[in-house]
Structures are given as C-alpha cells and as structure tokens.
Amino acid sequence: MTSMADFTGRWRIVSMELWDTDAIDLVAPAFIEFDRDRTGRFGFIVVDGWMDCRETTRDGRPCVEFTWEGSDEGDQVTGRGWASLADDGTLDGRIFFHLGDDSGFHAARAEPEPASTRSRRRSR
C-alpha cells in the first residue's frame, strides 16, 4: 500500500526537462516537499506552489498525484502533477501548469537541515 510516509520530507529537484539547473535554482535551490497531512509545496525558478496530494500507484510504483495553486512572478497559477518513487530511491514526476507548460523533473532526498540552523532561522 502506498503511504505519504514514503514521500514525506523535502526533495531537491536536481533536473527538469524544460529548464537547466541555473534556471531552476534562480531564486533558491529547487525543491518539492510532502507532508504527512497530504499537503506539500514546491519551488523552482520564480514559481511557488502549494499542493493537495493523494497517494496512488503508477505503473506499479508508489506515487503521489496532486493539484496545486501558487504564483509565478507574482501571477496566480494553478495546475496538477505527480511524483513516483524510482527503484534507486529518487523521485521522478511531472508538473503541469493549467493552460500552459509542463515539465518532467527528477529529485533526490534533501539532506536534513542541522538543528542549529533551523533554530536560528525560526528565532529571526
């Protein structure tokens, strides 16, 4: 059975079909993040998205499908997408912009942030 626990946490988007790494990391390192409560968020280039997720399978692999809303250079945007676990523990997926582009992506689990860094950031 597929579980959000398989996906929970932050993933570093390392590549996308439509944009090179310099572009996807324009503002900050590109990422996609899943929470246990079936929500999540992602960011790349100047796009920020907030997701509503559902567990499923795709081609026999654990998968999360999601709808999202967010902003692209300050403009409101929406879409859908999916992310599937690969055999090597990485994530492959696709993000669709409603009435716009779509791009595949590949992501690896992000390194956990040290507790001291998290504490400093929250106290600001």
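Residues numbered from 1 in each chain as written. Predicted model: local features only at pLDDT ≥ 70, side-chain atom pairs only at ≥ 80, totals over all residues. Heavy atoms only, no water.

1. Notes on the pattern of salt bridges
Inference 1: Counted according to the given criterion, the structure contains eight salt bridges.
Inference 2: Its salt-bridge partner being Glu65, residue Arg58 comes within 3.6 Å of it at the nearest N-O pair. (Salt bridge = Lys/Arg side-chain N within 4 Å of Asp/Glu carboxyl O.)

2. Focus on the packing of aromatic side chains
Inference 1: The full count for this structure, using the stated rule, is seven aromatic pairs.
Inference 2: Measuring from ring centre to ring centre gives 5.9 Å for Phe7 and Phe34, while their planes differ by 65°; the resulting arrangement is edge-to-face. You can see Phe7 sitting in the segment before β1 (9-16) and its partner Phe34 sitting in strand β2 (residues 31-34), a full 27 residues away along the chain.
Inference 3: Overall, Phe7 belongs to the buried group, its relative accessible area being 0%.
Inference 4: For the ring pair Phe42 and Phe44, a centre distance of 5.8 Å and an interplane angle of 20° mean the geometry is stacked. The pair Phe42 / Phe44 is uniform in exposure class, with both members buried.
Inference 5: Among the aromatic residues, those joined into a ring-pair cluster are Trp19, Phe42, Phe44, Phe66, Trp68 and Phe97.
Inference 6: A cation over a ring is seen here: Arg10 above Phe31, with NZ or CZ 3.7 Å from the ring centre. (Phe/Tyr/Trp six-rings, centres within 6.5 Å; stacked < 30°, edge-to-face > 60°. Helix = DSSP H or I, 4+ residues; strand = E, 2+ residues; numbered from the N terminus. Buried < 20%, exposed > 50% of the residue type's maximum accessible area, 1.4 Å probe, protein only. Lys NZ or Arg CZ within 6 Å of the ring centre and 35° of its normal.)

3. Quick look at the nonpolar core
Inference 1: Ranked by internal contacts, the top residues of the largest apolar core, which has 26 residues, are Ile32, Phe34, Phe42, Phe44, Leu91 and Phe105.
Inference 2: If sequence neighbours within four positions are ignored, Ile32 has contacts with Gly9, Arg10, Trp11, Ile13, Arg41, Phe42, Met51, Phe66, Leu91 and Phe105. (Core = buried A, V, L, I, M, F, W, Y, C linked by side-chain atoms within 4.5 Å. Contact = heavy atoms within 4.5 Å.)

4. What to know about the side chain of Ser103
Inference 1: With respect to the helices, strands and loops of the structure, Ser103 is situated in strand β8 (residues 102-109).
Inference 2: A residue is classified by how much of its surface remains accessible, and Ser103, at 1% relative accessible area, is buried.
Inference 3: Within the local environment of Ser103, its side chain forms a polar contact with the backbone nitrogen of Glu17, the two atoms lying 3.1 Å apart.
Inference 4: Reaching out from Ser103, the side chain makes a polar contact with the backbone nitrogen of Leu18 at a distance of 3.2 Å.
Inference 5: In this structure Ser103 touches Met16, Glu17, Leu18, Trp19, Gly93, Arg94 and Ile95, once residues within four positions along its chain are discounted. (Polar contact = N/O pair within 3.5 Å; in protein donor to acceptor, adjacent residues only side chain to side chain.)

5. Section: the pairing of β8
Inference 1: In this structure, β1 lies alongside β8, joined through five bridges in antiparallel fashion. Among the inter-strand pairings, Arg12 is bridged to a residue of β8, identified as Ala108.
Inference 2: Note that strand β7 (residues 91-97) and β8 share six bridges and pair antiparallel. Within β8, the residue paired with Arg94 across the bridge is Gly104.
Inference 3: A loop of four residues connects β7 with β8, the two strands running antiparallel in sequence, and Leu99 in this loop sits at a positive phi of about 60°. (Pairing = 2+ DSSP bridges.)

6. Digging into unusual backbone geometry
Inference 1: Its identity as a non-glycine residue notwithstanding, Asp59 has a phi of 55°, on the positive side.
Inference 2: For Asp59, the location among the structural elements is in the loop between β4 (47-58) and β5 (61-72).
Inference 3: The class for Asp59 is exposed, based on a relative accessible area of 78%.
Inference 4: With a phi angle near 60°, Leu99 is a residue other than glycine that sits in the positive phi range.
Inference 5: In this fold, Leu99 is placed in the loop between β7 and β8.

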